[in-house]
Amino acid sequence: MLFAVGATVATAGGADSAPPSGTPGLYSADAGFARDMAVHHQQAVEMSFIVRDRTKDEPVRSLAYDIANTQANQRGMLFGWLDMWGLPKVVADEPPMSWMGSGGAGHGMEGHAMGGAGAVTKPGALMPGMATKEDLARLGSAEGRDAEVLYLRLMTEHHKGGVAMAQGCADACGNPAERALAQGMVEAQQSELQLMADMLKQRGADPLAAE
C-alpha cells in the first residue's frame, strides 16, 4: 500500500536551474503543496496503521484502512508530479507551509495557513493538524476504546489541517490536475470530519484533544 520514495534534498543553489517552460517553480504553490501534503499524508497513513493494530472495532478499522489507502495513493501522485516537474521532494531552506504565504503562492494565502478549518500547529508538530511524537506514542500504547477515541481525535485535527492546506492549493495552484485533486481532498476530508464526529459521539467522547 505504501510507496517507498527516496527524498532528494535540495539546497538554495538548486533554485538556480530553471524548470522547463510551463512547469511549476521550486517555491511555487504547486510544488510546496505537493511536498507538504505528502508529509502530512504520511503521518495519517502511519496513525491509521497504528490504530488498526490497537482495536478490533470494525468501523474504526474500516475508516483507518480507507484513510491509509486513499492518502498513500494521493501521496504517490504528489511525488509523481514532483518527479515529472524535475523538482525535489525536500527543500532544505523551505519552511513548512511557506508556499501558503505571500512569498510562495503570491495570492494572499496567509488566511489559509492556520485555516478557516480551525487547525493549529501544536508545539512539537511540524504543520497544522499534525500529531506530535508524544501523541503517536500514546496512540501506540492505547487499546480498545481508548485507542479509537484518541485516533478519532487526532485524525479530526489532522483533517482540519489537511482541509486548510488543500483549500490553499485549490485557490492558488496553477496545475489544473493538482487543483482538482486538492478540491477533492477538501470535500472528502470534510465528509470524514462529520463521520468522525458521529463516531466520537457514539463512543461518548467529543472531538477535543485527549487529556
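Anyway, here's the lowdown on the structure attached to this text. (Residues numbered from 1 in each chain as written. Predicted model: local features only at pLDDT ≥ 70, side-chain atom pairs only at ≥ 80, totals over all residues. Heavy atoms only, no water.)

Our focus in this paragraph is the overall build of the protein chain. Secondary structure summary: the protein chain contains six helices and two strands in total. Helices and strands in the protein chain line up, N terminus first, as β-α-α-β-α-α-α-α. Counting the 211 residues in the protein chain, one finds 48% classified as buried. Across the protein chain, contacts joining residues at least 24 apart in sequence account for 76% of those joining residues at least 6 apart. (Helix = DSSP H or I, 4+ residues; strand = E, 2+ residues; numbered from the N terminus. Buried < 20%, exposed > 50% of the residue type's maximum accessible area, 1.4 Å probe, protein only. Contact = heavy atoms within 4.5 Å.)

Residues Phe33, Met47, Leu78 and Tyr151 are the most contacted members of the largest nonpolar core, which totals 55 residues. Looking at this core, the elements with two or more residues in it are helix H1 (29-52), helix H2 (58-85), helix H4 (133-141), helix H5 (144-172) and helix H6 (176-202). No other element matches H5, which puts 13 residues into this core. Setting aside residues no more than four positions away along its own chain, Tyr151 makes contact with Met47, Ser48, Val51, Val60, Leu63, Ala64, Ile67 and Leu139. (Core = buried A, V, L, I, M, F, W, Y, C linked by side-chain atoms within 4.5 Å.)

Inspection of every chain in the model, using the stated rule, returns 11 salt bridges. One salt bridge in this structure joins Lys89 and Asp83, with 2.5 Å as the shortest N-O distance. Here Arg153 makes a salt bridge to Asp206, at a shortest N to O gap of 3.6 Å. Note that Arg153 is positioned in helix H5 and Asp206 in the segment after H6, a separation of 53 residues in sequence. By relative accessible area, Asp206 is classed as partly exposed at 35%. One network of salt bridges, with partners in common, ties together Asp57, Glu148 and Arg203. (Salt bridge = Lys/Arg side-chain N within 4 Å of Asp/Glu carboxyl O.)

Bringing the packing of aromatic side chains into the picture now. Tallied over the full model, the rule gives two aromatic pairs. Residues Phe33 and Trp99 carry aromatic rings whose centres are separated by 5.7 Å and whose planes lie at 75 degrees to one another, so their mutual orientation is edge-to-face. Of this pair, Phe33 sits in helix H1 while Trp99 sits in the loop between strand S2 (90-91) and helix H3 (110-113), and the two are 66 residues apart along the sequence. Take Phe33 and Trp99: they sit in the same class, and that class is buried. Sitting above the plane of the Phe79 ring, Lys89 keeps its charged end 5.8 Å from the centroid. (Phe/Tyr/Trp six-rings, centres within 6.5 Å; stacked < 30°, edge-to-face > 60°. Lys NZ or Arg CZ within 6 Å of the ring centre and 35° of its normal.)

With that settled, the discussion passes to H2. Taking 1.5 Å per residue as the helical rise, H2 with its 28 residues ought to reach 40 Å, and the 40 Å between its terminal C-alpha atoms agrees with that figure. The backbone nitrogen of Val60 has a side-chain oxygen 3.0 Å away, supplied by the residue at the start of H2, namely Asp57. (Expected span 1.5 Å × (residues − 1). Polar contact = N/O pair within 3.5 Å; in protein donor to acceptor, adjacent residues only side chain to side chain.)

Position of Gly80 relative to the elements: it lies in helix H2. Along the primary structure Gly80 and Ala34 are separated by 46 residues, whereas in three dimensions their C-alpha atoms are 9.4 Å apart.

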